[in-house]
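# A closer look at the structure
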Amino acid sequence: MILGSGVRSACFALVLVCLSVAPVESASAFGDATEVEIVSLDVSRGDDRSQSVTERLAWEVRKRSSVEPMLEPGRARLGDDSLFRSPFIYWRGTDEIAPFSEESVDALRRYVHRGGFILVDDGSAGSEGFDRAVRRELLRAFPATPLKPIPDDHTIYRSFYLLDRPVGRLAGPEFLEGIKYGDRIAIVYSRHDLGGALQRDKLGAWSQAVVPGGERQRESAIRLAINIVLYALCTDYKDDQVHAPFIMRRRGSGP
Amino acid sequence: MEDWHWQLGIAGGATTAWVVGLAFLTLWLLELRSIRGESSAFRRFTLGALGGLSILAVYALALQVTLVREAFEEVAGGTALLIDNSRSMTLSGSSGERSDAVRALIRKWQDDDRVEPLVYRFGSETRGAIWNDLADTYDPTDDETNIREGLSTVLERGIEQELGSVIVITDGADPSFRAESLSLHASAPAIHSVVIGGDDRLDDQAIVSLRADSTAYVGVPAVIRADVRAIGKLREKELSVQLWHENRLSQEQWVALDAEGRGDVTFEVAPQRPGRALYRLVIPTHADDEVPQNNGRAVLLRVGRDRVRVLLVAGRPSWDVRFLRDFIKRDGSVDLISFFILRAPSDLTAAPTNELALIPFPTDELFREHLGSFDVVIFQNFDFAPYEMEAYLPRIRDYVKRGGSFLMIGGDHSFSLGGYGGTPIEQVLPVKLPAGGGVVTGSYRPQPNRQLIRHPIVALGPDPSLTRRTWEALPPLHGANAIAGVKEGAQVLLQHPRARLPGGARLPILIVGEADRGRVAAMTADASWRWRFASDDATVGSDEYELFWDRLVRWLTRDPLLEPARISTDRDRYGIGAPVIVSGLLRDERYRPIANERVSLRVEPTRDEVAGEVTAQTDLDGQVRATLQGPTAAGAYEVKAKADGEDIAAEVFLVEESGDELANLEVSSTELQAAAKRTGGRVFLSINDVPLLAELAATTRKTAGLISKQPLLHPLFLFLTVAVLALTWVLRRRWGRR
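Here is what the cut-offs are and how they apply
Residues numbered from 1 in each chain as written. Chains lettered and ligands numbered in written order. Predicted model: local features only at pLDDT ≥ 70, side-chain atom pairs only at ≥ 80, totals over all residues. Heavy atoms only, no water. Axes fitted to C-alpha atoms, helices over the stretch in contact; angles between N-to-C directions. Helix = DSSP H or I, 4+ residues; strand = E, 2+ residues; numbered from the N terminus. Parallel < 35°, antiparallel > 145°, perpendicular 65-115°, else oblique. Contact = heavy atoms within 4.5 Å. Nonpolar A, V, L, I, M, F, W, Y, C, P; charged D, E, K, R; others polar. Domains from an automatic or database assignment. Buried area = accessible area lost by both parts, 1.4 Å probe. Salt bridge = Lys/Arg side-chain N within 4 Å of Asp/Glu carboxyl O. Polar contact = N/O pair within 3.5 Å; in protein donor to acceptor, adjacent residues only side chain to side chain. Phe/Tyr/Trp six-rings, centres within 6.5 Å; stacked < 30°, edge-to-face > 60°. Buried < 20%, exposed > 50% of the residue type's maximum accessible area, 1.4 Å probe, protein only. Pairing = 2+ DSSP bridges. pLDDT = per-residue confidence, 0-100.

## Topic: the packing of helix H3 (residues 102-113) of chain A against helix H4 (residues 128-141) of chain A
Residues and elements named next belong to chain A. The interhelical angle for the contact between H3 and H4, taken along N-to-C directions, is 70°, at an axis separation of 9 Å. As summarised for this structure, H3 and H4 are arranged roughly perpendicular, according to the angle between their axes. Residue-level contacts link Glu102, Val105, Leu108 and Arg109 of H3 to Glu137, Leu138, Arg140 and Ala141 of H4. Looking at side-chain class alone, the contact of H3 with H4 contains four nonpolar, no polar and four charged residues.

## Observations regarding the packing of helix H6 (residues 214-234) of chain A against helix H6 (residues 319-330) of chain B
Across the interface, H6(A) lies against H6(B) with an axial gap of 7 Å and an inter-helix angle of 55°. Considered as vectors, H6(A) and H6(B) are oriented oblique to each other. Only Trp319(B), Arg322(B) and Arg325(B) of H6(B) make contact with H6(A), whose side of the interface consists of Ala232(A), Leu233(A) and Cys234(A). Residues that form the contact of H6(A) with H6(B) fall into these classes: four nonpolar, no polar and two charged.

## Regarding the domain arrangement of chain B
Residue and element names in this part refer to chain B. Taken domain by domain, chain B comprises domain 1 (5-72 + 707-734), domain 2 (78-201 + 667-697), domain 3 (204-301), domain 4 (308-344 + 357-561) and domain 5 (563-656). The straight-line distance from the C-alpha centre of domain 3 to that of domain 5 is 29 Å. The interface is formed by seven residues belonging to domain 3 together with six residues belonging to domain 5. Roughly 600 Å² is buried in total at the junction of domain 3 and domain 5, and carbon and sulfur atoms are behind 56% of that figure. Joining domain 3 to domain 5, the criterion identifies one salt bridge. For the salt bridge of glutamate 656 with arginine 297, the shortest nitrogen-to-oxygen distance reads 3.4 Å. At the junction of domain 3 and domain 5, the tally comes to three residue pairs in polar contact (both at pLDDT 80 or more). Mapped by element, the contributors of at least two residues to the side of domain 3 that touches domain 5 are strand E16 (275-282) and strand E17 (296-304). Ranked by the residues each element gives to the side of domain 3 that touches domain 5, the list is headed by E17, at four residues. For the side of domain 3 that touches domain 5, the per-class residue count stands at five nonpolar, no polar and two charged.

## Some remarks on the packing of aromatic side chains
Tallied over the entire structure, the rule returns 34 aromatic pairs over all chains. Pairing Tyr111(A) with Phe533(B) gives two aromatic rings, centres 5.4 Å apart and planes at 75°, and the pair type is edge-to-face. Of this pair, Tyr111(A) sits in helix H3 while Phe533(B) sits in the loop between helix H11 (529-532) and helix H12 (542-556), on two different chains. For the pair Tyr111(A) and Phe533(B), a shared accessibility class is recorded, and that class is buried. The interplanar angle of 20° and the centroid separation of 5.9 Å between the aromatic rings of Tyr637(B) and Phe653(B) together place this pair among those described as stacked. A residue pair is termed long-range when its members are at least 10 positions apart, and Tyr637(B) in strand E36 (residues 635-643) and Phe653(B) in strand E37 (residues 646-656) qualify at 16 residues.

## Some points on the sheet that holds strand E32 (residues 579-585) of chain B
Residues and elements named next belong to chain B. Spatially, the three strands line up as an open sheet ordered E30-E32-E35, and their pairing is antiparallel. Both edges of this open sheet fall to strand E30 (566-569) and strand E35 (623-629), since each of them pairs with a single strand only. Going across the sheet, the axis of each strand differs from the next one's by a mean of 20°, ignoring polarity. Pairing geometry for E32 and E35, over seven bridges, is antiparallel. The residue bridging serine 583 from the neighbouring strand is arginine 625, located in E35.

## Here we look at the interface of chain B and chain A
When the parts of a complex come together, some accessible area is lost, and that lost area is often used as the size of the interface. The partner chain A presents 53 residues to the 53 residues of chain B that form the contact. For the pair chain B and chain A, the summed buried area comes to about 4600 Å², and 55% of that belongs to carbon and sulfur atoms. Our count for the chain B to chain A interface comes out at three salt bridges. Here Asp236(A) ties to Arg325(B) by a salt bridge, and the two come within 3.0 Å at their closest N and O atoms. In this structure, the connection of chain B to chain A is made through 20 residue pairs in polar contact (both at pLDDT 80 or more). Elements with a minimum of two residues in the side of chain B that touches chain A: H6, strand E19 (334-340), strand E23 (439-444), strand E25 (477-481) and H11 of chain B. With seven residues, H6(B) is the single largest residue contributor to the side of chain B that touches chain A. Looking at the side of chain B that touches chain A, its residues break down into 23 nonpolar, 15 polar and 15 charged.

## Looking at the confidence of the model for chain A
All names here are of chain A. For chain A, the average pLDDT comes to 83, and 81% of its residues sit at 70 or higher. Highest mean pLDDT in chain A belongs to strand E7 (residues 184-190) (97); lowest belongs to helix H1 (residues 5-21) (35). Segment residues 1-27 is flagged for pLDDT under 50; beyond a separation of four residues in sequence, or across chains, it makes 17 contacts in the model.

## As for the sheet that holds strand E28 (residues 506-515) of chain B
Residue and element names in this part refer to chain B. Spatially, the eight strands line up as an open sheet ordered E19-E18-E20-E21-E29-E28-E27-E24, and their pairing is mixed. Looking along the sheet, the strands with just one partner apiece sit at the ends: E19 and strand E24 (447-448). Pairing of strand E20 (residues 376-380) with strand E21 (residues 405-409) involves five bridges; the strand directions are parallel. Counterpart to valine 377 in the pairing with E21 is phenylalanine 406. Where H6 meets the sheet, its contacts fall on strand E18 (308-314), E19, E20 and E21, and the angle it forms with E19 comes to roughly 155°.

Structural data, given as structure tokens:
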């Protein structure tokens, strides 16, 4: 079948758009070990939903920013060396979990001390079980630095996108919580079900509805997730003096 | 009679004396009893008294009473002459030069050959001199007057030499000297002083001392403080101090002097360039100033940046970028400006610009306006092409050649993959780039170059063996940029254990070098963060990661502590012609000690024939120490160490016409008089009052044995004793008693 020139032009344009939207496979030939990998943390067995979230998050990060995460990230467990496969761990949960072993708590502490970052995502839609477990285990690991609300002027809200407040699949509280380790926030805790807003089914459709803001809120949730990844990679880079005047002007408070 | 002591000569001493005494007393009581029947009271009294006297006389003779005294004799004692050899003795007053007065006094004393003193010169140090030619050889050049050190040395040696007197010839210009600081025992020799210039007060204005931090920072105000003083009739005159910099009068201040003629002045300077900055403080010379040499002093500031300025440009966020930036940012001595490319032209942010926290890449601002303000520029996995930076690459090259530092870290946007082949950047990189890019994959543990294992960047252990083991224990790296070769003069510090260059040599991972006056480094791997982020407790890494990057940044910024060779002088400033003691550690470019080799130490610029060059021998560790004759002209100088014809280390110092020695010229005899008072010495303020040396030379009293005499063996006493005994016998016979 021979397509008309107009049809051929339309197809060519479509291919170009697809090429530009689809992330290019990593140009890095150094190997996976040096790439950014958003690893999901397996705390309870058989939960693959976290990994689907990290895959979607990696895809969004690669599509929107210069960061080139692995599109098929791995998983990590607290009890073995897999924890140290990447300095970024995504820990999502919905239910109460059994207390960690002392070795696991120690591994968590060591992971953060050596530069690791943990995004904890409460996907329970408001139930207390997972929240209680997270607070309990983090307090065991970091008794001197408990979770605290992250102020709304923190770099994490302008590490890539300019954001006013955190949202996920749920509107949730108006703040993220975090544990500061040295000069950086090493653990970010979201009670907004960020993963729920990112998940798609096997056919590419969004898995869950975002409430109450719908697709606009979903976009904000994706932006927040990207900001968190960029913060983990750049920490307070956006606080550098060279950025401050630009950002102040964009926020309308600069000269 | 105070020195006499009595002794008993009778055998058994005091005990025998008591026994014999009691026996004689008993005898006398028996005598009294025997004459009790005598009718005449006169006869009883006479016989009793004569009997008592006779017994007492015999008892006294039996005791053998002896008077004893220790005898002494006066003998001629040693005399030490302690002559001030400091430069202040060359000053002239109305009565002529002080040193001429000393020579005249020495000749006067030498005419009288009764005394030949031990002679010492004191100044920076105390050393012996020869009496016979002292007048001809006396040439005071020391930069310091230290009366205490001189006297202490002579007094200490004097114990063995049985010194009777020490004669100090000085102008007393040592404000630190205190007589009470001398350790003087009971038989210490008399300390006499001849104060040269004591009757000839100087008229002088001077900068007494200068204080400034040896290190200053560009643009940061540094303070230079000076203490000034005026003596004589110039105490009443106004005094101003000028600050000169680069042959220009920079500032001038009038100084208010106190009642003692002292005052201070403070200047604030803001150095504009890193390097060495020479500032001179000058008191304009008054017509009556007798010592204009002490009107100017200089200070040499080593000007650096208050913090090392590092520009880090990253092609995209990555863990390698994150860990390196966090490490540099934590270092309080580094001012880090980082710029990451967060969005490439092909990225779809799905947001209008006003919803993004992204700013344009300020290429012009960074690479045109402020490039020169950075000490180190780091390109970390950064490709220049998408950001229209071709025009800036020659500027970066020139920045390096002028003395800047540049580091390229590997990644898929670095080296040839970043399109740097054939660009001005390749001209300064220490490596040659291949035409077609290329990478090496797989994990590996880089190995330090055996020839350069002492280089501080890779010397992670205290010795080569432990360094090698440390590198073997570090977590592995993954992949590396391919390069075509290493440029001449560059040093390969880390190598790939397996991969090879086209010529067969091991693939370099870390290469350092120099490009004209700048320093450059190439790190072809992008996973050093793995050293910091390791799982195993037993695995080394965290500390080594920080040590490695700290050393690399410091090496790029020429931290003196990381230089292979360094020398230093014993002082920052010297007087005219003063000896300069140079010491240091000399290592070759591979950081191996230059052991047991002769190296040249040379003062530059050479403005006279005296200041020059010496050849010194290094020890096994590369340590060197030598003394050079200092320059005879005031100014800033550099002493350079040269090995195999190349300059390998340098240090700067100042030569001042004045200096501390000529700063305090007020003749003071107070403490010398206190020392004389403690030892029975004398102080002469006018050279005309000084007597011949023999009059000041002391005698020493020596013990000459014991003198004893027995007064009761005097003939008169013996005669009286015999007479009393005879009279007693005669009277007893006549009065009918036996």
